[in-house]
Amino acid sequence: MSVLFITGTGTEVGKTVVTAAVAALAGPSVAVLKPGQTGVAVGEPGDAAEVVRLAGPHVATAELARYPEPLAPDTAARRSGLPTLGPDAVAKAVAGLAAEHATVLVEGAGGLLVRYDEQGRGLAEMAAATLALGVDVEFLVVVAAGLGTLNSTALTLEALRARGLRTRGVVIGSWPEDADLAARCNLADLPAAAEVPLLGALPAGSAAEGGAPFHAVARASLAPALGGAWDAAAFAARHAPGAHPVG
Ligand SMILES: Nc1ncnc2c1ncn2[C@@H]1O[C@H](COP(=O)(O)OP(=O)(O)OP(=O)(O)O)[C@@H](O)[C@H]1O
Ligand SMILES: C[C@H](N)[C@H](N)CCCCCC(=O)O
Ligand SMILES: [Mg+2]
């Protein structure tokens, strides 16, 4: 059983798409938990539904709190009068899912230090509470492709290390079709900035179609089993200007 907390260097960086890609490759026993969903009304599809659309109906999903306004969970809870979500409730939910599924993916809202409750606790505290229950946890950090990502990635990894939290690697959430010089250099420089491996890059547009096409893109875009090295040079060659990439 493996539990991966999926965070990012910010919001809209591609965490949901990467969560779906990891779920697509995780085999039949996989669950995705979105502890706090914001900006989505009751009954509307949120990130968990998007993962199922992309990865398939076999993915079990759960969500613990939902707030209508597209804000940080703590802010959205305060403005709506709905209860905040604390790390212990999330840890219990993760442990329950981990007892039933070989792979559990937990997608945060926004970046790592986004606050979910009045004490300012968030995904890092949720992971620590899960570890305290005896469930091993690693992080996957979803990062941007272009100029600026080296700093935001290094800051996020520094914050994880300062909290004693382990990171499996980083993944570029959306690789642009017309990658510029900075993006292409970042393929080589991200591992040094992050001090963990670059495990893949999801081409922009990957979320257009779910099911088999998405599974093919996920297979072509992520290191097998998110372990070992990922061939960034081959990826760059496949996505070089004028190339006709497959995934
Ligand atoms: N590789 C990709 N291919 C296609 N669309 C993408 C890709 N990455 C991100 N997007 C699109 O960009 C938007 C933001 O992506 P996503 O929802 O994954 O961000 P997020 O980091 O999960 O945001 P949040 O903090 O709200 O959870 C979505 O509309 C998504 O479809
Ligand atoms: C609404 C959005 N899509 C996310 N769910 C919430 C992102 C909160 C980001 C807070 C911040 O870092 O300023
Ligand atoms: Mg998301």
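Residues numbered from 1 in each chain as written. Chains lettered and ligands numbered in written order. Predicted model: local features only at pLDDT ≥ 70, side-chain atom pairs only at ≥ 80, totals over all residues. Heavy atoms only, no water.

Our working rule: UniProt positions are given in the numbering used here, feature names are shortened, and annotations may be inferred rather than shown by experiment.
Under an unreviewed UniProt entry, the name given to the protein chain is ATP-dependent dethiobiotin synthetase BioD, and the source organism is Kitasatospora terrestris. Per UniProt, the protein chain carries the Cofactor (unreviewed entry) text "Mg(2+)". Annotation of the protein chain in UniProt includes, under Sequence similarities (unreviewed entry), the sentence "Belongs to the dethiobiotin synthetase family."

### Side note on the coordination of the magnesium ion (ligand 3)
So the rule is basically this: In this description, a donor is an N, O or S atom within 2.8 Å of the metal centre, a cutoff extended to 3.2 Å for sodium, potassium and calcium. Water is not part of the atom list, which can make sites seem incomplete. The helix count covers DSSP runs of H or I at least four residues long, the strand count covers runs of E at least two residues long, and both are numbered beginning at the N terminus. Note on classification: 1.4 Å probe, protein chains only; a residue is buried when its accessible area is under 20% of the maximum for its type, exposed when over 50%, partly exposed between these limits.
The coordination sphere of the magnesium ion (ligand 3), as far as protein atoms go, consists of Thr16 (OG1), Asp47 (OD) and Glu107 (OE), spread over 2.0 to 2.2 Å. Spacing between the donor residues of the magnesium ion (ligand 3) along their common chain follows T-x30-D-x59-E. Placement of Thr16 in helix H1 (residues 15-25) and of Asp47 in helix H2 (residues 47-55) is noted, with a sequence separation of 31 residues between them. Owing to a relative accessible area of 11%, Thr16 belongs among the buried residues under this scheme.

### Focus on the site of ligand 2
As a reminder, the rule being used: Whether a residue is near a molecule or strand is decided by its heavy atoms; if any one of them lies within 4 Å of it, the residue is near. For the purposes of these results, a polar contact is taken to be a pair of N or O atoms within 3.5 Å, where, inside protein, one atom must be able to donate a hydrogen and its partner to accept one; residues adjacent in sequence count only when each atom of the pair is a side-chain atom. With residues, only the protein chains shown are counted as cover, and all accessible areas are computed by Shrake-Rupley using a 1.4 Å probe. Residues are grouped as follows: Ala, Val, Leu, Ile, Met, Phe, Trp, Tyr, Cys and Pro are nonpolar; Asp, Glu, Lys and Arg are charged; all remaining types, including Gly, are polar.
In the vicinity of ligand 2, the contacting residues are Thr11, Thr38, Pro70, Leu71, Ala72, Gly110 and Val114. Residue Thr38 places a side-chain N or O atom 3.1 Å away from a nitrogen atom belonging to ligand 2. Here ligand 2 loses 61% of its free accessible area of 390 Å² to cover by the protein chains. In terms of residue class, the shell around ligand 2 is made up of 4 nonpolar, 3 polar and no charged.

### Overview of the UniProt feature "binding site: substrate" (unreviewed entry) in the protein chain
Let me state the cut-off plainly: Contacts are residue-level and defined by heavy atoms, with any inter-residue pair within 4.5 Å sufficient.
UniProt marks Thr38 with the feature "binding site: substrate" (unreviewed entry), using the numbering shown here. For Thr38, the position within the fold is in strand S2 (residues 30-38). You can call Thr38 buried: its relative accessible area is 16%. Apart from the residues within four sequence positions on either side, Thr38 is in contact with Tyr67, Glu69, Pro70, Leu71, Ala72, Pro73 and Ala76.

### Things to note about the site of ligand 1
Around ligand 1, 19 residues are found, and the nearest of them are Thr11, Lys15, Thr16, Gly110 and Gly173. Note that an oxygen atom of ligand 1 is positioned 2.8 Å from one of the side-chain N or O atoms of Thr11. Contacts to ligand 1 include Lys15, whose side-chain N or O atom sits 2.7 Å from an oxygen atom. For ligand 1, whose accessible area on its own is 620 Å², the fraction buried by protein is 75%. In terms of residues, the shell around ligand 1 owes the most to one element, H1, which gives 3 residues. Its residues assigned to classes, the shell around ligand 1 comprises 6 nonpolar, 8 polar and 5 charged.

### Brief notes about helix H5 (residues 123-132)
Three or more residues of H5 are buried, namely Leu123, Ala124, Met126, Ala127, Ala129 and Thr130. Buried positions along H5 lie against strand S1 (2-8), S2, helix H4 (87-100), strand S4 (103-111) and strand S5 (138-143). Taken from the residues just after H5, Gly134 is the one with a positive phi, measuring 90 degrees.

### Structural notes on the packing of aromatic side chains
Here is the rule: Put simply, two rings from Phe, Tyr or Trp (the six-membered ring, in Trp's case) pair if the centres are within 6.5 Å, and we call them stacked under 30 degrees between planes, edge-to-face over 60, tilted for the rest.
Counted under the stated rule, the structure contains 3 aromatic pairs. Ring-pair connections join several aromatic residues into one group, and the members of that group are Trp175, Trp230 and Phe235.

### Description of H4
Operational definition: Expected helix span is given by 1.5 Å per residue-to-residue step, counting one fewer step than there are residues. Relevant arc is that of directions from the helix axis to the C-beta atoms, nothing else.
Here H4 spans 20 Å end to end across 14 residues, near enough to the 20 Å set by a 1.5 Å rise per residue. Buried residues of H4: Pro87, Val90, Ala91, Ala93, Val94, Leu97 and Ala98, and no others. All buried residues of H4 fall inside an arc of 165 degrees around its axis, so they share one side. Along H4, exposed side chains directed more than 90 degrees from the buried face belong to Lys92, Ala99 and Glu100. In this structure, the buried residues of H4 make contact with S1, S2, strand S3 (60-67), S4 and H5.

### Points about the environment of Gly173
On the secondary structure map, Gly173 appears in strand S6 (residues 167-175). Along the sequence, Gly173 and Val18 sit 155 residues apart, while their C-alpha atoms lie 6.2 Å from each other.

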